[in-house]
Amino acid sequence: MSELLLNPAFYSAAEFRRRALNQSGSPLDLASAEHGDHILNPAIIAEVSARKLKDAAVLIPVVDDADGAKIIFTKRTATLRKHSGQIAFPGGAVDPEDGSVERAAVREAEEEIGLDPRFVQPVGRLPDYFAATGFRITPVLSVVERGFELRLNPTEVEQVFEVPLSFLMDPANHQRDSRDFNGTTHYFYRMPYGEWNIWGITAGILRTLYERLYA
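The structure presented is a predicted model; accordingly, all values stated were derived computationally and were not measured.

Considerations on the sheet that holds strand β9 (residues 175-181)
As summarised here, the arrangement of the three strands in space is β9-β10-β11, forming an open sheet in which the pairing is antiparallel. Each end of this open sheet is capped by a strand with a single partner; those strands are β9 and β11 (196-199). The sheet shows a mean angle of 40 degrees between the axes of neighbouring strands, direction not considered. Two elements, strand β10 (residues 184-193) and β11, share four bridges in a ladder whose sense is antiparallel. The residue of β11 that forms the bridge with arginine 190 is tryptophan 199. Of the strands in this sheet, β10 and β11 touch helix α6 (residues 200-214), which is tilted by about 75 degrees from β10.

In structure tokens:
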């Protein structure tokens, strides 16, 4: 591994912000099919994207630490109707009164884990993720300053934890896997970290983050 990749500054929040604001590649509205696990499932994504989908937004909260940035994740409660028990970013449906996906993502993070919006600075978006559960998800990139105190909504979130950005942006930690659903094989990424199994939609968005900002 190069000295650059070993340098904590390469995975700092400041460098993340710079890269988020200066993404290369296709425009966001054309790039969904070119990234993440969408590449692995072209027929499924074409079918899902043709449906009438509900708009949703998730916040990718990159915490500003001197020893390297970290991303906040949630473990959803087992009682939720969709994606129960899975590792996820804070987020949810976009309401008409939100006005933007950025506001929706920040609002959902406050509602789910008590993340005060005063500590959150949105710095960009990733291409939309088309979920087979019927959502068009817009990932909102953000930098989060330390000083916040989290208060979990127990009806939605069981736990929160952080993972170093350097781990998540290392392609050596991006495992490919597959499962059969109703006779169709779905391919996806997994990024196990300690006791946490990050996979599915969340890992697919992280892979897109890597491809857009760090590949």
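So, next bit.
Focus: helix α4 (residues 101-113)
Because each turn of an α-helix spans 3.6 residues, side chains separated by three or four positions in sequence point in the same direction. The terminal C-alpha atoms of α4, which comprises 13 residues, lie 18 Å apart, in line with the 18 Å expected from a rise of 1.5 Å per residue. For α4, the complete set of buried residues consists of Val101, Ala104, Ala105, Val106, Arg107, Glu108, Ala109, Glu112 and Ile113. Tucked inside the fold, the buried residues of α4 contact β1 (54-63), β2 (70-76), β4 (91-93), β5 (120-125), β7 (135-144) and β8 (157-164). At the exit of α4 stands glycine 114, carrying a positive phi of roughly 70 degrees.

Description of the pattern of salt bridges
Two side chains that carry opposite charge are able to pair once their charged atoms sit near each other. Enumeration over the complete set of coordinates arrives at 17 salt bridges. For glutamate 158, the salt bridge is made with lysine 75, and the minimal N-O distance between the two is 3.6 Å. Of this pair, glutamate 158 sits in strand β8 while lysine 75 sits in strand β2, placing them 83 residues apart in sequence. Judged by its relative accessible area of 23%, lysine 75 is partly exposed. Two residues, arginine 107 and aspartate 95, come together in a salt bridge whose shortest N-O distance is 3.3 Å. In this pair, arginine 107 sits in helix α4 while aspartate 95 sits in the loop between β4 and α4, placing the two residues 12 residues apart along the sequence. Salt bridges sharing common partners tie together Asp65, Asp67, Lys70, Arg146 and Glu162.

Brief notes about the nonpolar core
With 40 residues, the main nonpolar core has Phe16, Ile71, Phe73 and Leu168 as its most contacted residues. Here this core gets seven residues from one element, more than from any other, and that element is α6. Once residues lying within four places of it in the same chain are set aside, the contact partners of isoleucine 71 are Ile60, Pro61, Val62, Phe89, Phe161, Glu162, Val163, Leu165, Leu168, Leu206 and Leu209. In this structure, Ala109, Val140, Val144 and Phe148 belong to the second largest nonpolar core, which totals 17 residues.

Comments concerning empty space enclosed by the protein
In the structure shown here, the tally under the stated rule is one cavity of 30 Å³ or more. Computed from the structure, the largest cavity encloses a volume of approximately 70 Å³. Along its surface, the largest cavity is lined by 13 residues, and His38, Pro127, Asp128, Tyr129 and Thr208 are the ones closest to its centre. Here the lining of the largest cavity takes three residues from α6, the largest share from any one element. Per-class residue counts for the lining of the largest cavity are five nonpolar, six polar and two charged.

The rules we used
- Residues numbered from 1 in each chain as written.
- Predicted model: local features only at pLDDT ≥ 70, side-chain atom pairs only at ≥ 80, totals over all residues.
- Heavy atoms only, no water.
- Pairing = 2+ DSSP bridges.
- Helix = DSSP H or I, 4+ residues; strand = E, 2+ residues; numbered from the N terminus.
- Axes fitted to C-alpha atoms, helices over the stretch in contact; angles between N-to-C directions.
- Contact = heavy atoms within 4.5 Å.
- Expected span 1.5 Å × (residues − 1).
- Buried < 20%, exposed > 50% of the residue type's maximum accessible area, 1.4 Å probe, protein only.
- Salt bridge = Lys/Arg side-chain N within 4 Å of Asp/Glu carboxyl O.
- Core = buried A, V, L, I, M, F, W, Y, C linked by side-chain atoms within 4.5 Å.
- 1 Å grid on protein atoms, 1.4 Å probe; cavity = no way out; pocket = protein on both sides within 12 Å on 5 of 7 lines; lining within 4 Å.
- Points joined across faces, edges and corners; volume = space filled by probe spheres on them.
- Nonpolar A, V, L, I, M, F, W, Y, C, P; charged D, E, K, R; others polar.

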